[in-house]
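Below are the chains, spelled out letter by letter.
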Amino acid sequence: MIVEDGTGLPNANSYASIATANVFASLSSAGLDAALAWTALDDAAKEQHLIIATDYINRQFKGGWRGNELKEGVQSLAFPRLISSGWWDDFDNKVIAGLPAGLVRATVCLALESMDKNGALDDLPESGIISERVTNSIQIQYQEGLSRVSATKMVALQHLNELLIKPKSGIMRRISRA
């Protein structure tokens, strides 16, 4: 596994290292069971899930990222990027130093999801949300036939939200209690 170091490597295949993933997994909102399962994996399995997660991120959001690749045509992953300092100002591009923390966290969340689903990360469903209600608990009603997004995947998607031109299919809505 070759971890992107923020310089636009031509052969990188992961946004997160095993060491970083171990730390984030232990602090993850995915829960104690996921953290223990991650700890029990050997390094080869962890690498596999981190590569699957990175590939998923690049495939799902291709063309949807803010800014441009730092080394277009050279780097193997979508990040690092040049992102303008203003929403509409493409003349004042700035390099995001290293990789955005949200991108690395999302990679780890999706690696945990990959572990939980034996390496299968489904494509994002269309929103499928018919209604939602926030009281003492959150209730969401989904359109029949569309899969639900797991809590772990939802957290990962929230980490990616600020890096996207626009959230995908309304799935990035923040749900908070009043």
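These figures come from a predicted structure and were not determined experimentally.

Rules and cut-offs
- Residues numbered from 1 in each chain as written.
- Predicted model: local features only at pLDDT ≥ 70, side-chain atom pairs only at ≥ 80, totals over all residues.
- Heavy atoms only, no water.
- pLDDT = per-residue confidence, 0-100.
- Helix = DSSP H or I, 4+ residues; strand = E, 2+ residues; numbered from the N terminus.
- Contact = heavy atoms within 4.5 Å.
- Axes fitted to C-alpha atoms, helices over the stretch in contact; angles between N-to-C directions.
- Parallel < 35°, antiparallel > 145°, perpendicular 65-115°, else oblique.
- Nonpolar A, V, L, I, M, F, W, Y, C, P; charged D, E, K, R; others polar.
- Buried < 20%, exposed > 50% of the residue type's maximum accessible area, 1.4 Å probe, protein only.
- Arc of directions from axis to C-beta.
- Phe/Tyr/Trp six-rings, centres within 6.5 Å; stacked < 30°, edge-to-face > 60°.
- Lys NZ or Arg CZ within 6 Å of the ring centre and 35° of its normal.
- Core = buried A, V, L, I, M, F, W, Y, C linked by side-chain atoms within 4.5 Å.

On to the confidence of the model for the chain. A residue-level look at the chain finds 66% of positions with pLDDT of 70 or above and a mean pLDDT of 76. Strand β4 (residues 129-134) is the least confidently modelled element of the chain, averaging 47 in pLDDT, while helix α3 (residues 43-60) averages 94, the highest of any element. Scored below 50 in pLDDT, residues 126-134 makes 28 contacts in the model with residues more than four places away or belonging to other chains. Here residues 168-178 scores under 50 on pLDDT; set against residues more than four positions off or in separate chains, the count is 31 contacts.

At a minimum axis separation of 10 Å, helix α1 (residues 18-27) and α3 run at an interaxial angle of 85°. One finds that α1 runs roughly perpendicular with respect to α3. Residues Ile18, Ala21 and Asn22 of α1 lie in contact with α3, whose contacting residues are Asp43, Lys46, Glu47 and Leu50. Looking at the contact of α1 with α3 residue by residue, the class counts come to three nonpolar, one polar and three charged.

On to the side chain of His49, then. With respect to the helices, strands and loops of the structure, His49 is situated in helix α3. When near neighbours in sequence (up to four residues on either side) are disregarded, His49 contacts Trp38, Leu41, Ala111, Ser114, Met115 and Gly119.

Here we take up helix α2 (residues 32-40). Every buried residue of α2 is accounted for by Ala34, Ala35 and Trp38. Down the axis, α2 shows its buried residues gathered within 100° of arc, on one side only. Relative to its buried face, α2 has exposed residues pointing more than 90 degrees away, namely Leu32, Asp33, Leu36, Thr39 and Ala40. Buried residues in α2 make contact with α1, α3 and α4 (101-116).

Moving on, we come to the packing of aromatic side chains. Applying the stated criterion to the full structure yields three aromatic pairs. Measuring from ring centre to ring centre gives 5.5 Å for Phe61 and Trp65, while their planes differ by 55°; the resulting arrangement is tilted. Within the aromatic cluster, the residues linked to one another by ring pairs are Tyr15, Phe61, Trp65 and Phe79. We note Arg81 situated over the ring of Phe79; from NZ or CZ to the ring centre the distance is 5.7 Å.

A separate point is the nonpolar core. Tyr15, Trp38, Ile57, Trp65, Phe79, Leu103 and Leu160 are the most contacted members of the largest nonpolar core, which has 34 residues in total. Broken down by element, this core gets its largest block of residues, nine residues, from α4. Residues in contact with Trp38, not counting those within four places in the same chain, are Ala21, Asn22, Ala25, Lys46, His49, Leu50, Ala111, Leu112 and Met115.

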